[in-house]
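Now for the letters of each chain:
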Amino acid sequence: MMANQKHYKYTLSSNNGLLSSEQRDSFEINGYIVIKHLINETLLDRFKQRFSDICEDKINRGGITVMKDVSLAKRNQETISKEFSINKIQDILWDDVFEQYFLHPTLLDYVQCVTGNNIMAMHSMLINKPPDTGSMTSRHPMHQDLHYFAFRPADRIVAAWTAMQTVTRANGCLFVLPGSHVNPGKLLPHEYPKWKGGVNKGFHGIEGYDQYQKEYLNMEPGDTVLFHSLLIHGSGPNMSNETRKAISCHFASCECQYIDVTGTSQQNIASEVREIARNRGFEDMDFKDFWKFRSRLVRGLKMHL
């Protein structure tokens with residue numbers, strides 16, 4: 001199995017006195033760790049209310065990007081609530097309420113174990129996985145987050161994903177392939193999967209790993225998983241009657257540097273991002289500029305990113 005890969009050195013930046021030897025080994029060997037009850041439910045309730053206010057157009061969205069599930073976007077919007085039709089909001093780093101997550105001192109203490117002392121928040125989102133319509137569009141294909149990023153090294157990038165409610169296989173919890181950050185240990189080609197019901201915008205995925213054992217991450221409100229940017233992961237469909245909410249951010253060391261992805265397997269996502277930027281009036285924005293525009297310093301000193 002992937003999780004049995006032997007490691008000869010730690011890639012974690014430091015321990016900071018937070019991680020037990022078991023947690024540190026788990027991150028190195030499996031590519032992820034779960035921190036129980038990291039975010040309190042009072043704060044999660046504020047996030048839920050803020051999301052609802054955004055869905056109902058009660059506040060100015062500013063630069064927040066609102067996305068809809070492909071199968072719900074085609075339906076009569078009068079038959080479903082706005083909150084059910086929106087499956088994700090992105091670029092929420094600068095929001096007065098949501099920033100309490102990205103600046104959360106204890107969360108950043110754990111992130112710092114991977115990134116080091118100087119931390120940039122690079123990609124922010126609140127995921128509102130809708131009940132599946134029967135088309136299976138609420139699932140997320142297996143992928144590696146590094147596919148979306150124009151900066152390196154991979155070992156200094158970490159995702160934080162916090163359950164905002166009880167998350168189970170029934171409502172589409174995350175699943176991971178333990179050890180896949182070291183085996184294959186490289187960025188794989190990603191494409192849109194050819195799913196019958198269609199695929200949500202930006203949901204690129206990989207093929208050839210269906211035979212590997214998945215670990216399903218059942219989580220309680222406030223539980224937070226931290227995982228490596230090369231870890232293969234995804235999520236199943238939401239077969240419940242309610243949306244499934246989580247808040248997430250990808251953090252990177254300020255010492256990471258931007259790279260040119262021209263001619264690589266990331267060319268497809270870079271082209272897609274440029275097209276989105278053009279549609280929003282940013283004619284000359286390239287893949288690197290895209291990440292510079294949507295990132296925020298959250299701890300320490302700003303360097304290359």
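Here the structure is a predicted model, which is why all the values come from computation and not from measurement.

### A short note on the overall build of the protein
Right, so step 1: Helix and strand counts for the protein stand at eight helices and 14 strands.
Right, so step 2: Scaling as 2.2 N^0.38, a compact globule of 305 residues should have a C-alpha radius of gyration of about 19 Å, and the protein matches this with 18 Å.
Right, so step 3: For the protein, the C-alpha atoms occupy an extent of roughly 55 × 45 × 40 Å along the three principal directions.
Right, so step 4: Here the protein holds 305 residues, and the buried ones make up 55% of them.
Right, so step 5: Counting only contacts in the protein whose residues sit at least 6 apart along the sequence, the fraction spanning at least 24 positions is 85%.
Right, so step 6: Surface exposure of the protein reaches about 13,700 Å², of which carbon and sulfur atoms provide 48%.

### A word on the packing of aromatic side chains
Right, so step 1: Tallied over the entire structure, the rule returns 10 aromatic pairs.
Right, so step 2: When the centroid spacing of 5.2 Å and the interplanar angle of 80 degrees are considered together, the rings of F149 and W291 count as edge-to-face. Placement of F149 in the loop between β5 (140-143) and β6 (151-152) and of W291 in helix α8 (residues 287-294) is noted, with a sequence separation of 142 residues between them.
Right, so step 3: What makes W291 buried here is its relative accessible area of 1%.
Right, so step 4: Look at F151 and W291: their rings are 5.8 Å apart centre to centre, the planes differ by 85 degrees, and that puts the pair in the edge-to-face class. Residue F151 is located in strand β6, and its partner W291 is located in helix α8; the two are separated by 140 residues in the primary sequence. You'll find F151 and W291 in the same group, each marked buried.
Right, so step 5: Pairwise contacts between aromatic rings join F149, F151, Y258, F290 and W291 into one cluster.
Right, so step 6: Positioned above the aromatic ring of Y216, the side-chain terminus of R169 is 3.7 Å from the ring centre.
Right, so step 7: Of note, R294 hangs over the ring of W291, and the distance from its end group to the ring centre comes to 4.8 Å.

### Some points on the sheet that holds strand β9 (residues 215-216)
Right, so step 1: The four strands lie next to each other as β5-β11-β8-β9, forming an open sheet whose pairing is antiparallel. Where the open sheet ends on each side, the last strands, each with one partner, are β5 and β9.

### Focus on helix α7 (residues 267-279)
Right, so step 1: Taking 1.5 Å as the rise per residue, α7 with 13 residues should run 18 Å; its terminal C-alpha atoms sit 19 Å apart, in good agreement.
Right, so step 2: Buried within α7 are the following residues: I269, A270, E272, V273 and A277. One face of α7 carries all of its buried residues, which in axial projection span an arc of 160 degrees.
Right, so step 3: Backbone geometry just downstream of α7 places G281 in the positive-phi region, at approximately 95 degrees.

### Some points on the confidence of the model for the protein
Right, so step 1: The pLDDT averaged across the protein works out to 88; a share of 91% of its residues lies at or above 70.
Right, so step 2: Predicted confidence in the protein is weakest over helix α3 (residues 70-73), with a mean pLDDT of 64, and strongest over strand β7 (residues 157-163), with 98.
Right, so step 3: Here residues 1-8 is a poorly scored stretch, pLDDT under 50, and it has 19 contacts once near neighbours within four places are set aside; other chains count.

### Some details on α8
Right, so step 1: By the burial criterion, the buried members of α8 are F287, F290, W291 and R294. On an axial view of α8, the arc spanned by its buried residues comes to 90 degrees, and they lie on one face.
Right, so step 2: Elements that come into contact with the buried residues of α8 comprise β3 (86-90), β4 (119-129), β6, β13 (257-258), α7 and β14 (296-299).
Right, so step 3: The opening residue of α8 is D286, an N-cap whose side-chain oxygen sits 3.2 Å from the backbone nitrogen of K288.

Reading the values: the criteria
Residues numbered from 1 in each chain as written. Predicted model: local features only at pLDDT ≥ 70, side-chain atom pairs only at ≥ 80, totals over all residues. Heavy atoms only, no water. Helix = DSSP H or I, 4+ residues; strand = E, 2+ residues; numbered from the N terminus. Rg over C-alpha atoms; globule rule 2.2 N^0.38 Å. Buried < 20%, exposed > 50% of the residue type's maximum accessible area, 1.4 Å probe, protein only. Contact = heavy atoms within 4.5 Å. Areas by Shrake-Rupley, 256 points an atom, 1.4 Å probe, with all protein chains shown as cover. Phe/Tyr/Trp six-rings, centres within 6.5 Å; stacked < 30°, edge-to-face > 60°. Lys NZ or Arg CZ within 6 Å of the ring centre and 35° of its normal. Pairing = 2+ DSSP bridges. Expected span 1.5 Å × (residues − 1). Arc of directions from axis to C-beta. pLDDT = per-residue confidence, 0-100. Polar contact = N/O pair within 3.5 Å; in protein donor to acceptor, adjacent residues only side chain to side chain.

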